[in-house]
Amino acid sequence: MFDNLSDRLGNVFDKLKGRGSLSEADVREAMREVRIALLEADVALPVVRRFIDAVTEKAIGSEVLKSVTPGQQVVKIVNDELVEMLGGDGEDAEPRELNLNAKPPVVIMMVGLQGSGKTTTTAKLGKLLREKHGKKAMMASLDVNRPAAQEQLKVLGEQVDVATLPIVAGQQPVDIARRAMESAKLQAADVLLLDTAGRLHVDEALMAEMKAIASVSTPVEVLLVVDSLTGQDAVNVAQSFTGEVPLTGVVLTRMDGDARGGAALSMRYVTGKPVKFAGTGEKLDAIEAFDPKRVASRILG
Ligand code: GDP
């Protein structure tokens, strides 16, 4: 479906063989191809602009290594910058592990739009905490908007063998959050996962509710769950949540779909927070630590 960026740049640079360094004109021409690749990967336009500027600055005047073609050289510069903007790799990487450094129960609050995969991701994290981190987790649904949302988390909790807060009909989100904290303390849970309500669109009532929940539960992690297939829309969602609630990270769901991964770059840029996990399927173990290198190569195609 998409032309590979290396091939495209190969064409651009065919005529430049034998030059020692990349001129401004060469780089600008190559950046047109990079721009198309990023837009095809669904990276939001302002993020594409910023990225192109950063890469252009690095590429102009850089010596072309003997072992590579100018096209390969630009692909390398683009790839390195992508990995960097996605959060870095190896020793220089930003921390993407869950922060569990607080007095238990450590509260992890999940936020996002309805249908983004919040409830599923909550259960996935509950399972991960129990199995990989050896933590006693507890989960509570604060979603009183969507009928059966609390029931859905309860069923998932049974599947992943993580306790859920018993449902009390008619209770409001902030009161459920308080009750969940009490219960988690009494049961000596290490971690409490709060699955909050979503909406079809971001609205003031939702933000007010998120703020109120955050203020009573003082979460150590506030994870924004976004559907990677929503591309540009995901950026609007991220912009709305950023600044309203103290986000600490992002989870991108549906990375198993045909998304090119551009939402990852946009999310990282708009929120300024690490993308911590990628959801890779409907099954409850389909969650992976976010890998900037893998996503960078997916974006470049
Ligand atoms: P919520 O409204 O945000 O709580 O969304 P749900 O957790 O109910 O998820 C909505 C749908 O998306 C469900 O059918 C999930 O199984 C599905 N889903 C969630 N995460 C993923 C994912 O990473 N990949 C795929 N393929 N489906 C997912």
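From a predicted model like this one, the values you see are computed outputs, not experimental measurements.

(A) Expanded view of the site of the ligand. The ligand sits among 18 residues. The nearest are Gly115, Thr119, Thr120, Arg254 and Asp256. Measuring from an oxygen atom of the ligand, one finds a backbone N or O atom of Ser116 at 3.2 Å. Between a nitrogen atom of the ligand and a main-chain N or O atom of Gly281, the distance comes to 3.3 Å. Here the ligand, which alone exposes 580 Å², has 82% of that area covered by the protein.

(B) View of the nonpolar core. Grouped together as the largest cluster of nonpolar side chains are 75 residues, with contacts concentrated most on Leu38, Phe241 and Met267. In terms of residues, this core owes the most to one element, helix 4 (residues 70-85), which gives seven residues. Beyond its immediate stretch of four places on either side in the chain, Met267 contacts Val226, Ala234, Val235, Ala238, Val250, Leu252, Gly272 and Val275. By size, the runner-up hydrophobic cluster in this structure holds 23 residues, among which are Leu125, Leu153, Val225 and Phe277.

(C) Local environment of the pairing of strand 1 (residues 106-111). The buried fraction of strand 1 is high, at six of six residues. On strand 1, burial covers both faces: Val106, Ile108 and Met110 on one face and Val107, Met109 and Val111 on the other are all buried. Bridging between strand 1 and strand 4 (residues 191-195) involves five bridges; their strand directions are parallel. Opposite Val106, over in strand 4, you have Val191 as the bridge partner.

(D) Broad picture of the UniProt feature "domain: SRP54-type proteins GTP-binding" (unreviewed entry) in the protein. Annotation from UniProt places "domain: SRP54-type proteins GTP-binding" (unreviewed entry) at residues 274-287. With 0% helix and 43% strand, residues 274-287 has end C-alpha atoms that lie 16 Å from one another.

(E) Broad picture of the sheet that holds strand 6 (residues 249-253). The strand order across the open sheet built from eight strands is 3-2-4-1-5-6-7-8, with neighbouring strands paired in mixed fashion. Every interior strand has two partners, whereas the edge strands, strand 3 (163-164) and strand 8 (287-289), have only one. Of the strand pairs in this sheet, strand 7 (residues 275-279) and strand 8 are connected by three bridges, and their pairing is antiparallel. Across the sheet, Phe277 pairs through a bridge with Ala289, a residue of strand 8. Taken strand by strand, helix 5 (residues 118-131) contacts strand 1, strand 2 (137-141), strand 4, strand 5 (221-227), strand 6, strand 7 and strand 8, and its axis lies near 170° from that of strand 4. In the packing of helix 9 (residues 232-241) onto the sheet, contacts are made with strand 1 and strand 5, and the angle to strand 5 comes to roughly 160°.

Conventions adopted
Residues numbered from 1 in each chain as written. Predicted model: local features only at pLDDT ≥ 70, side-chain atom pairs only at ≥ 80, totals over all residues. Heavy atoms only, no water. Near = heavy atom within 4 Å. Polar contact = N/O pair within 3.5 Å; in protein donor to acceptor, adjacent residues only side chain to side chain. Areas by Shrake-Rupley, 256 points an atom, 1.4 Å probe, with all protein chains shown as cover. Core = buried A, V, L, I, M, F, W, Y, C linked by side-chain atoms within 4.5 Å. Buried < 20%, exposed > 50% of the residue type's maximum accessible area, 1.4 Å probe, protein only. Helix = DSSP H or I, 4+ residues; strand = E, 2+ residues; numbered from the N terminus. Contact = heavy atoms within 4.5 Å. Pairing = 2+ DSSP bridges. UniProt positions renumbered as here; feature names shortened; annotations may be inferred. Axes fitted to C-alpha atoms, helices over the stretch in contact; angles between N-to-C directions.

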